[in-house]
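# Coordinates in review
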There are 2 protein chains.
Amino acid sequence: MSECRATVQCVMLADDPATFVTRMVADIRVEIGGIPGDRHFGLLRPADSRQKIYPRGALIANRRQISIVSQEECELIAIHLGIPEIKPEWLGANIMISGLEKLTELPQGTRLIFPDGTGLICEGENLPCIGPGRVIETICNQSGLSHKFVPAAKKMRGIVCSIEREGCISRGDIIRIIGV
Amino acid sequence: MSECRATVQCVMLADDPATFVTRMVADIRVEIGGIPGDRHFGLLRPADSRQKIYPRGALIANRRQISIVSQEECELIAIHLGIPEIKPEWLGANIMISGLEKLTELPQGTRLIFPDGTGLICEGENLPCIGPGRVIETICNQSGLSHKFVPAAKKMRGIVCSIEREGCISRGDIIRIIGV
């Protein structure tokens, strides 16, 4: 098993029902259903266009409980879009890490272990959709950005994870990333 | 996405607290926590020697909710052991399928979809341990079989699955097996 490390730069919560945009908090508690209070919390969620093997809306196991992006990949997306920065909140991220090359390419099944023993399972790439592009276009007040986001963010938009072991995740945590 | 098919030969339940050995039933209901009444039911389970990244006994997400074996692989294990048959109940299996080559080698993330829409996620090979070997040794009344089981069953002892979509699984069901 390969092992490398990364640092938690910030943690965020999507607790405004009106938007997927997150806001920074000091730490997040994770339970088997996800992050309590976050819009993606739940053991089940309705299948969407990503799960074509199920009818749209069918309740399926929620393996998209937590979204993680990397500072380095956000910087690259910003360069591709020709804007000064991409804030992780605009992508609806719950965790931004740094110090890991190619977070988005982590294989499904990779484990992320936090200092208190909290464990996440990488469920694979978070495929970019137009939602964050629209947020970026509005905030940067630059038309056309929304449609540029999806190609610019491909393989750089981070990963989704499910919870394997409950606990707490805080800014500054060093994560052990353990390969399959 | 590749797709192939297999047939459910029988379904089984481990509802005797004294043993992991299963017994045949007409059908099994599966919920997000597994098969109600089965010894492996639960959203969480204690980490064991397979999950060395967690302290033994720590509660982690249960992705070993259902055990599936194949008739063809059971026949091969029996040949390796020099006995007439291996019954799926002796391995603690919940489902025995037929018509699929190399069930045990199905990649993690493969989906198994049943006629009513029930969905399972393949979580990978069920690594053989000595328990079923002891059962086989006792039933066949042939000493030494227990230690032969682990090497004889390697890459043929089937897979473990978690539930993605709740429903019912019955003998005779045709399963769609959808590759990652």
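This one's a predicted model, so the numbers in the text were calculated from it and none came from an experiment.

## Notes on the relation of the copies chain B and chain A
Between chain B and chain A, which share one sequence, the superposing operator has a rotation angle of 180° and an axial displacement of 0.0 Å; the RMSD is 0.0 Å. The superposition operator between the copies reduces to a two-fold rotation axis. Most of the interface of chain B is mirrored in chain A, where 100% of its interface residues are also at the interface.

## Remarks on the UniProt feature "domain: MOSC" (unreviewed entry) in chain A
In this structure's numbering, the residues bearing the UniProt feature "domain: MOSC" (unreviewed entry) are residues 22–178 of chain A. Counting secondary structure, residues 22–178 of chain A comes out at 20% helix and 31% strand; the distance between its end C-alpha atoms is 27 Å.

## Thoughts on empty space enclosed by the protein
Counted according to the given criterion, the structure contains 1 cavity of 30 Å³ or more. Of all the secondary structure elements, the ones that give two or more residues to the lining of the largest cavity are strand E10 (159–165) of chain A together with strand E10 (159–165) of chain B. Among the residues forming the lining of the largest cavity, the class breakdown is 8 nonpolar, 6 polar and 2 charged.

## Concerning the pattern of salt bridges
Working definition: two side chains of opposite charge can pair if their charged atoms are close together. Applying the stated criterion across every chain yields a total of 16 salt bridges over all chains. The partner of glutamate 3 of chain A in a salt bridge is arginine 176 of chain A, and the shortest N-O contact between them spans 2.8 Å. Here glutamate 3 of chain A is found in strand E1 (residues 3–13), whereas its partner arginine 176 of chain A is found in strand E12 (residues 174–178), with 173 residues between them in sequence. A relative accessible area of 40% places glutamate 3 of chain A in the partly exposed class. Linking aspartate 48 of chain B and arginine 45 of chain B is a salt bridge whose minimum nitrogen-to-oxygen distance equals 3.6 Å.

## A few points about the packing of helix H1 (residues 71–81) of chain A against helix H3 (residues 145–153) of chain A
All names here are of chain A. Direction vectors running N to C along H1 and H3 enclose 130°, while the axes themselves pass 9 Å from each other. Comparing the axis directions of H1 and H3 gives the class oblique. Along this stretch, H1 crosses H3, giving a crossing that reads as right-handed. Across the interface between the two elements, Ile77, His80 and Leu81 of H1 pack against Leu145, Lys148, Phe149, Ala152 and Ala153 of H3. Classifying every residue of the contact of H1 with H3 gives 6 nonpolar, 1 polar and 1 charged.

## Structural notes on the environment of glutamate 73 of chain B
Residues and elements named next belong to chain B. You can see glutamate 73 is positioned in helix H1 (residues 71–81). Residue class for glutamate 73 comes out buried when judged on its relative accessible area of 4%. Ignoring anything within four residues of it in the chain, the contact list for glutamate 73 reads Lys102, Leu103, Thr104, Lys155, Met156 and Gly158. Among the polar contacts made by the side chain of glutamate 73, one reaches the main-chain amide nitrogen of leucine 103 at a distance of 3.3 Å.

## Here we look at the environment of methionine 96 of chain B
All names here are of chain B. Tracing the backbone shows methionine 96 in strand E7 (residues 95–98). For methionine 96, a relative accessible area of 11% puts it in the buried group. For the pair formed by methionine 96 and glycine 167, sequence separation is 71 residues and the distance between their alpha carbons is 18 Å. Among all residues touching methionine 96, those that are not within four sequence positions of it are Thr7, Val8, Gln9, Cys10, Met12, Val69, Ser70, Gln71 and Pro88.

## Some details on unusual backbone geometry
Residues and elements named next belong to chain B. The phi dihedral of lysine 102 is positive, around 55°, even though this residue is not glycine. Take lysine 102: it is sitting in the loop between E7 and strand E8 (111–113). Here lysine 155, not a glycine, exhibits a phi torsion of approximately 60°, which is positive. By the element assignment, lysine 155 lies in the loop between helix H3 (145–153) and E10.

## Considerations on the interface of chain B and chain A
Opposite the 25 residues of chain B that make contact, chain A presents 25 residues. Roughly 2000 Å² is buried in total at the junction of chain B and chain A, and carbon and sulfur atoms are behind 61% of that figure. Taken as a group, Ile53, Tyr54 and Arg63 of chain B account for 31% of the area that chain B buries against chain A, more than any other trio of residues on that side. A salt bridge links glutamate 123 of chain A to arginine 63 of chain B, with the shortest nitrogen-to-oxygen separation between them at 2.8 Å. Where chain B touches chain A, the interface holds 8 residue pairs in polar contact (both at pLDDT 80 or more). Of all the secondary structure elements, the ones that give two or more residues to the side of chain B that touches chain A are strand E5 (59–61), E8, strand E9 (119–125) and E10 of chain B. Per-class residue counts for the side of chain B that touches chain A are 16 nonpolar, 4 polar and 5 charged.

Thresholds applied
- Residues numbered from 1 in each chain as written.
- Chains lettered and ligands numbered in written order.
- Predicted model: local features only at pLDDT ≥ 70, side-chain atom pairs only at ≥ 80, totals over all residues.
- Heavy atoms only, no water.
- Least-squares fit on C-alpha atoms with pLDDT ≥ 70 in both.
- Contact = heavy atoms within 4.5 Å.
- UniProt positions renumbered as here; feature names shortened; annotations may be inferred.
- Helix = DSSP H or I, 4+ residues; strand = E, 2+ residues; numbered from the N terminus.
- 1 Å grid on protein atoms, 1.4 Å probe; cavity = no way out; pocket = protein on both sides within 12 Å on 5 of 7 lines; lining within 4 Å.
- Points joined across faces, edges and corners; volume = space filled by probe spheres on them.
- Nonpolar A, V, L, I, M, F, W, Y, C, P; charged D, E, K, R; others polar.
- Salt bridge = Lys/Arg side-chain N within 4 Å of Asp/Glu carboxyl O.
- Buried < 20%, exposed > 50% of the residue type's maximum accessible area, 1.4 Å probe, protein only.
- Axes fitted to C-alpha atoms, helices over the stretch in contact; angles between N-to-C directions.
- Parallel < 35°, antiparallel > 145°, perpendicular 65-115°, else oblique.
- Left-handed = near helix turned anticlockwise from the far one by under 90°.
- Polar contact = N/O pair within 3.5 Å; in protein donor to acceptor, adjacent residues only side chain to side chain.
- Buried area = accessible area lost by both parts, 1.4 Å probe.

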